[in-house]
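# Topology and contacts: notes
For reference, the chains in residue letters:
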Amino acid sequence: MSLVTPTADPARSPFRLDDDAAFRRWSDAKLARYPADLGELVVEVKDPRRLTRSEHAAMLDRLRRTNMVLYAGPADADRAIPLALGRQFGVTRLDRNWLSDPDGLSTLAAAADGRRAGYIPYTDRAIRWHTDGYYNAADRQIHALLLHCVEPAAQGGENRLLDHEIAYLLLRRENPDYIRALMAPDALTIPPGTEAGGLARPERTGPVFRVDPASGTLHMRHTARRHNAVWKDDPPVRAAARRLHAILEGSEAGVLRGLLQAGMGLISNNVLHDRAAFEDDPESPRLLYRARFYDRLDI
Ligand SMILES: [Fe+2]
């Protein structure tokens, strides 16, 4: 019996607020198996397009523990890699946005000009903690996020990572009211912006934590950006958001830090992450492919 991965039976989900015993059992097991540093999450692979049985099993083990794994393969700029990895972990429904390429991947590099230059992923600036797609409609939330590094920056560009289940766990252990507040359907509002085809995107309001009623799994929608996020004007929500921010910026537990080198990548259930600012070598600028999926990894 696995106490780490939520079961397919939603009645037994550790994320039910009315079942404290199930939550305690799950959270003790989860913390016991959570790695102390990012190195434990790295699995070396010969060819990410065709994982061996043992590579796949090693990656599955990390994914079940932390909702993420880093693979390290040979330097390779093949755009098929993130899509092939997605298929090997059961995700195919790609999220395409107006800045993605025809194959559905986003090519993340600092753009000097053009339509991408106004959007922070396509700059060399730091990006605050978030989960991907927090501005998407409720029925288009991102459940899996994959990154493949073709070229790291000359300097900087590290990521911090935190399993969103750990963020939930720490908040709930301290005060379950934090979770109640962040599950409010109007906890976090993203002001209007731009979406596919350059069309205006309406305001998006939704919860931070949501438990999928069919599977009992946890999804998180978060951004620490100050200018394009409005927290509900309600003391419990504001208190919970402040505590979440302190956990992400503190060193108390769980925050992992590392740098993707050429040939490395991240496979995740859209865990919390940020990105440090970076400096490019103009001869070989930082280049990553990103794939976002509506499905959760089949783990
Ligand atoms: Fe992101």
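These lines cover the structure that appears in this document, whether it is placed above or below. Everything quoted here is computed from the prediction, not taken from an experiment. (Residues numbered from 1 in each chain as written. Predicted model: local features only at pLDDT ≥ 70, side-chain atom pairs only at ≥ 80, totals over all residues.)

## Concerning the sheet that holds strand 8 (residues 188–190)
- Taking strand neighbours across the sheet as the criterion, the 3 strands line up as 11-8-14 in an open arrangement whose pairing is antiparallel. Because the sheet does not close on itself, it has two edges, and the strands there are strand 11 (204–206) and strand 14 (230–231).
- In the sheet, strand 8 pairs with strand 11 via 3 bridges, with the strands oriented antiparallel. Residue pairing across strands places Leu 188 opposite Gly 206, the latter belonging to strand 11. (Pairing = 2+ DSSP bridges. Helix = DSSP H or I, 4+ residues; strand = E, 2+ residues; numbered from the N terminus.)

## Points about the sheet that holds strand 2 (residues 68–72)
- As summarised here, the arrangement of the 6 strands in space is 1-2-16-5-19-3, forming an open sheet in which the pairing is mixed. One side of each edge strand has no neighbouring strand; the edge strands of this open sheet are strand 1 (42–44) and strand 3 (106–108). The mean inter-strand angle of the sheet, taken between neighbouring strand axes irrespective of direction, is 20°.
- Sheet contacts for helix 2 (residues 53–66): strand 1, strand 2 and strand 16 (264–268); angle to strand 2, the most-contacted strand, approximately 145°.
- Strands strand 5 (144–151), strand 16 and strand 19 (287–293) of the sheet are contacted by helix 3 (residues 80–88), whose axis makes an angle of about 145° with strand 5. (Axes fitted to C-alpha atoms, helices over the stretch in contact; angles between N-to-C directions. Contact = placed C-beta atoms within 7 Å.)

## A short note on the packing of helix 4 (residues 164–174) against helix 6 (residues 235–249)
- Running from N to C, helix 4 and helix 6 point in directions that differ by 125°, and their axes come no closer than 11 Å. It follows from the interaxial angle that helix 4 and helix 6 lie oblique. For the element pair helix 4 and helix 6, the recorded crossing hand is right-handed. Facing Ala 167, Leu 170 and Leu 171 of helix 4, the residues of helix 6 in contact are Ala 240, Arg 243, Leu 244 and Ile 247. (Parallel < 35°, antiparallel > 145°, perpendicular 65-115°, else oblique. Left-handed = near helix turned anticlockwise from the far one by under 90°.)

## With respect to unusual backbone geometry
- Phi at Asn 67 takes a positive value of approximately 65°, unusual for a residue other than glycine.
- Relative to the assigned elements, Asn 67 resides in the loop between helix 2 and strand 2.
- Looking at Asn 67, the number of C-beta atoms within 10 Å reads 26, which means it is buried. (Buried ≥ 20, exposed ≤ 12 C-beta atoms within 10 Å, placed from the backbone.)

## With respect to helix 2
- The terminal C-alpha atoms of helix 2 lie 20 Å apart, and with 14 residues this matches the ideal 20 Å at 1.5 Å per residue to within 8%.
- Residues Met 59, Arg 62, Leu 63, Arg 65 and Thr 66 constitute the buried set of helix 2. Mapping the buried residues of helix 2 onto a view down its axis gives an arc of 165°, with all of them on the same face. Exposed and oriented more than 90 degrees from the buried face of helix 2 are Arg 53, Ser 54 and Ala 57.
- Packing partners of the buried residues in helix 2 comprise helix 1 (20–33), strand 1, strand 2 and strand 16. (Expected span 1.5 Å × (residues − 1). Arc of directions from axis to C-beta.)

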